[in-house]
There are 2 protein chains.
Amino acid sequence: MACAVAAVGCGGAPQEQAAQSAEAQVFPFSIPDEKPSYPISSSMEATYDRYAPTPQQNELYSVFRFSPITGFDYSNGDGRQSRRDPSRIVKVGDTYYMWYTLRVTPAGAPAGAKGCSEDIPSVDWDLADIGYATSKDGFNWTEQGVAVHRPEAPTVGFRSISTPEILVWGDKYYLYYQAFEIASGTVGDNCPVAMAEADSPDGPWKRVDKVILPTGGEGDWDQFNIHDPLPVVMNGKIYMYYKADWNYLDESGTKTKESDRYHIRSMGVAVGDNPYGPFVKSELNPVLSSGHETQLFRFKEGVAAILTRDGNEHYTVQYSPDGFNFKQASIGGLMPDASGLYDPDAFTNTKDGRGITWGICHVNKYSSGSTHSVMFRFDCDLSQDVDDPEMKINHVRPKYEDFMNQGLTAKQKSTIPGAGSVKDAKLY
Amino acid sequence: MACAVAAVGCGGAPQEQAAQSAEAQVFPFSIPDEKPSYPISSSMEATYDRYAPTPQQNELYSVFRFSPITGFDYSNGDGRQSRRDPSRIVKVGDTYYMWYTLRVTPAGAPAGAKGCSEDIPSVDWDLADIGYATSKDGFNWTEQGVAVHRPEAPTVGFRSISTPEILVWGDKYYLYYQAFEIASGTVGDNCPVAMAEADSPDGPWKRVDKVILPTGGEGDWDQFNIHDPLPVVMNGKIYMYYKADWNYLDESGTKTKESDRYHIRSMGVAVGDNPYGPFVKSELNPVLSSGHETQLFRFKEGVAAILTRDGNEHYTVQYSPDGFNFKQASIGGLMPDASGLYDPDAFTNTKDGRGITWGICHVNKYSSGSTHSVMFRFDCDLSQDVDDPEMKINHVRPKYEDFMNQGLTAKQKSTIPGAGSVKDAKLY
């Protein structure tokens, strides 16, 4: 038949199917559990090689559903208070604990590198401390105040500490966070990672005032910053994942608007035997090509990652059996940003992580004069122990307003013929 | 070093890197254009194997930005009028033409299989005709009325004709559409494809009252329906892509709520020498494992596809040089649904399709008593001739309302502890 001949070898590049010699067969109405031996298309090959026959059978596929949470003060959205970057959630007794970037700056909202001062922040995570909150159900929270105050100058982190992540190791608690010495935005968003420790999730926290995970050497992908430290316990060790920003300078070493277009966010990992380090960076870094404010959880013998924004493989869940080599496991639509996951297996050193069903994420409300972020909850079914059909649907329908919220830019409206003539996104 | 050793072979499954013998090297700050020869992670391998070093360099990566359009009557959203399933857009002189499912049912809104009648539709695409509209800029449209009326019984399509797609071949115009004999939902959503032809895009249209693309044989993946016919001209032939729904029956051949969970939508292709067929189905079908109301456009020597909803590889753009073997080329976030693309190369038989920058899509406003759909526009940069930095961003930030629009279901609110206690999605 004409089509099949064209597909299996008439000119052009050799196809994957060319290697198969089985006779052609019409694909059946009920999908086979195993990859058929007869010729199938590249796309059907990928179904079997990467996923499960259907998304519903893929433990690492889920939609994410979002809910408001109570208990946090955003000073009516005036930009003088922010809650963001929630950590992993830890359950102690019947209480959930969560840590986050807490910014209370009564003198003003974020004002950029030029507008900032000793008490006016440059960005949303400037002049911040580490706050914490508790909850009995994960929806209704009570703020408990500051867990870790930023130190006095010149100790690392004296300008701001942000983006905390928790580690439970032995009987103790460890918080890792970004430690800024200058206002972010003044010279990049540059910082290393520092930490604090406590015997109880309620504190008191004792800062370990030194760099725990240093930036890379000159010319290395992670030479300028180590963001989003995220420890996972696996194989008896601490796998400290971290994000670095790279590929944004031009040939002369200058960050320009054009060179910054190609800005990459990626994750590396460094492995240590104890919470103080040293953490040895993997020679395979970066281990996740994509993702910004990525979240990881223990799954089966390895680790899974939720990659939301940035990079070729944004909007994916990835899995790695060894912690170093990740592959795309599913593709999502609207996914949580910068979330902290409730992963009961994060620190148990299990060989069979069960997965997750909820976490807390944030949304950035960036606008001139009132920039802040707000935390809320997501639920999902990325768990081996749950099978919720309503989380496994894969024909999600966004609303008209969702589309209109992602409209043309002002520049595009002025350059695309006719675009400026239609102003009203409302339908009726 | 401990990490690298673990990555390249200490126990567990062999890693891709094990085959490489080059010495380890720290990844550089500026991403290399070509895949390095030293060991890199699986994730960085995928970057080079599937995409470009950065999404901005990937011609098949884009965000989609949405705009309202003018000129269509939705009777104030009461469900008695609908406009959906826009066809590809064809430019003739200085005028854009578009065809679509036009439903005007003054007797009532869609009422389901049990509530439908001779003049009350079952679903949104029941009791429909093919309408058309014209525009000078793609934003402001003028409805021109019905292009093709559904025939009288017993001609195929007498219950409804919907989901049109246009083909320009020689000097003539051809419309392909779903042709229903019974109200959709009564017995599945079953239909074959019929067509009409005209010498001008303004008509008059002459129906070719026969099945142009038949459903498959018993037990075949496409045994029950042929949806979304979509012709593309390539290699001097007409590649007629089409969707079928499959894998939704249990072992006894019954569609149940449980068996329907695994419902698959996929695309096949059938190739013909002329608009009347016969179209010979590829032995590799399905050629796209995923996608619902998928859109295709000519790109380079082959064809690219926008897969929005349904399947393991939803939310992707795919590319196939031969029209049969597609591979994931990029991952999107909020993508247009059921769109009709403005693809000037769709019918030119080019060996170098330039890509697309806009189209018209729809959103389904499904609710009891007022179900209808609404068309609007998207813009993007999936074009070799354009490089719009504002379309190549990959750190899209949804709004709080977008997340809240994807909330827990009623059942989930009653079963997830605490979920029912937080009712107000508003922040302040």
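Refer to the preceding data block for the structure.
If you're wondering where the values come from, they're calculated on a predicted model, not measured in any experiment.

Cut-offs and rules
- Residue numbers restart at each chain and count upward from 1, following the sequence in its written direction.
- Each chain is given a letter, starting from A, and each ligand a number, starting from 1, according to the order in which they appear as written.
- Totals for whole chains, interfaces and linings use every residue, but because this is a predicted model, local features are given only for residues with pLDDT of at least 70 and side-chain atom pairs only at 80 or more, for both listing and counting.
- Only hydrogens and water are removed before side-chain values are computed, so all heavy atoms of the structure are retained for them.
- The atoms used to superpose the copies are C-alpha atoms, taken from residues with pLDDT of at least 70 in both, and the fit is least squares.
- Contact between two residues is taken to exist if any of their heavy atoms lie within 4.5 Å; hydrogens are not considered.
- Buried area: the accessible surface (1.4 Å probe) lost by two parts on joining, summed over both.
- Only one rule defines a salt bridge in this text: a Lys or Arg side-chain nitrogen within 4 Å of an Asp or Glu carboxyl oxygen.
- Whenever two N or O atoms come within 3.5 Å, that pair is a polar contact, provided that in protein one can donate a hydrogen and the other can accept it, and provided that, for residues adjacent in sequence, both atoms are side-chain atoms.
- Runs of E in the DSSP output that reach at least two residues are strands. Runs of H or I that reach at least four are helices, and both are numbered from the N terminus.
- Classification convention: Asp, Glu, Lys, Arg as charged; Ala, Val, Leu, Ile, Met, Phe, Trp, Tyr, Cys, Pro as nonpolar; all other residues, Gly among them, as polar.
- Between buried and exposed lies partly exposed: a residue is buried under 20% and exposed over 50% of the maximum accessible area for its type, with that area taken using a 1.4 Å probe on protein chains only.
- Criterion used throughout: strands pair if DSSP finds at least two bridges between them.
- Comment: axis = line fitted to C-alpha atoms, over the contacting stretch for helices; angle = value between 0 and 180 degrees taken between N-to-C directions.

## Focus on the relation of the copies chain A and chain B
In the superposition of chain A on chain B (RMSD 0.0 Å, axial shift 0.0 Å), the rotation amounts to 180°. The symmetry that links the two subunits is that of a two-fold axis. Both copies present the same face, since 100% of the interface residues in chain A are matched by interface residues at the equivalent positions in chain B.

## Regarding the interface of chain A and chain B
Contacts between the two partners involve 135 residues from chain A and, on the opposite side, 135 residues from chain B. Carbon and sulfur atoms make up 59% of the surface buried where chain A meets chain B, a total of about 12,000 Å² over both sides. Taken as a group, A:Phe29, A:Asn312 and A:Gln406 account for 8% of the area that chain A buries against chain B, more than any other trio of residues on that side. The tally of links between chain A and chain B comes to 4 salt bridges. Across the pair B:Arg261 and A:Asp387 runs a salt bridge whose closest N-O atoms are separated by 3.1 Å. Summed over the shared surface of chain A and chain B, the result is 57 residue pairs in polar contact (both at pLDDT 80 or more). Examining the composition of the side of chain A that touches chain B, we find that 6 residues originate from one element, helix α2 (residues 42-50) of chain A, more than from any other. The residue inventory of the side of chain A that touches chain B, partitioned by class, reads 65 nonpolar, 42 polar and 28 charged.

## Looking at helix α2 (residues 42-50) of chain B
Counting buried positions over the 9 residues of α2(B) gives 7, a clear majority of the element. As for α2(B), its buried residues are in contact with β12 (237-246) and β18 (327-331) of chain A.

## Side note on the sheet that holds strand β13 (residues 264-272) of chain B
Residue and element names in this part refer to chain B. Pairing is antiparallel across the open sheet formed by 4 strands, whose spatial order is β11-β12-β13-β14. Lying at the two open borders of the sheet, with one neighbouring strand each, are β11 (227-234) and β14 (280-281). The pairing of β13 with β14 spans 2 bridges and is classified as antiparallel. Each bridged residue has a counterpart across the sheet, and for Ala-270 the counterpart in β14 is Lys-281.

## Description of the sheet that holds strand β9 (residues 193-198) of chain B
All names here are of chain B. What the 4 strands build is an open sheet, ordered β7-β8-β9-β10; its pairing is antiparallel. The open sheet has two free edges, formed respectively by β7 (160-169) and β10 (206-213), since each of these has just one partner strand. Across the sheet, the mean angle from the axis of one strand to that of its neighbour is 30°, orientation sign disregarded. Examined bridge by bridge, β7 and strand β8 (residues 172-180) share 8 bridges and lie antiparallel to one another. Bridging from a neighbouring strand, Ser-160 pairs with Phe-180 of β8.

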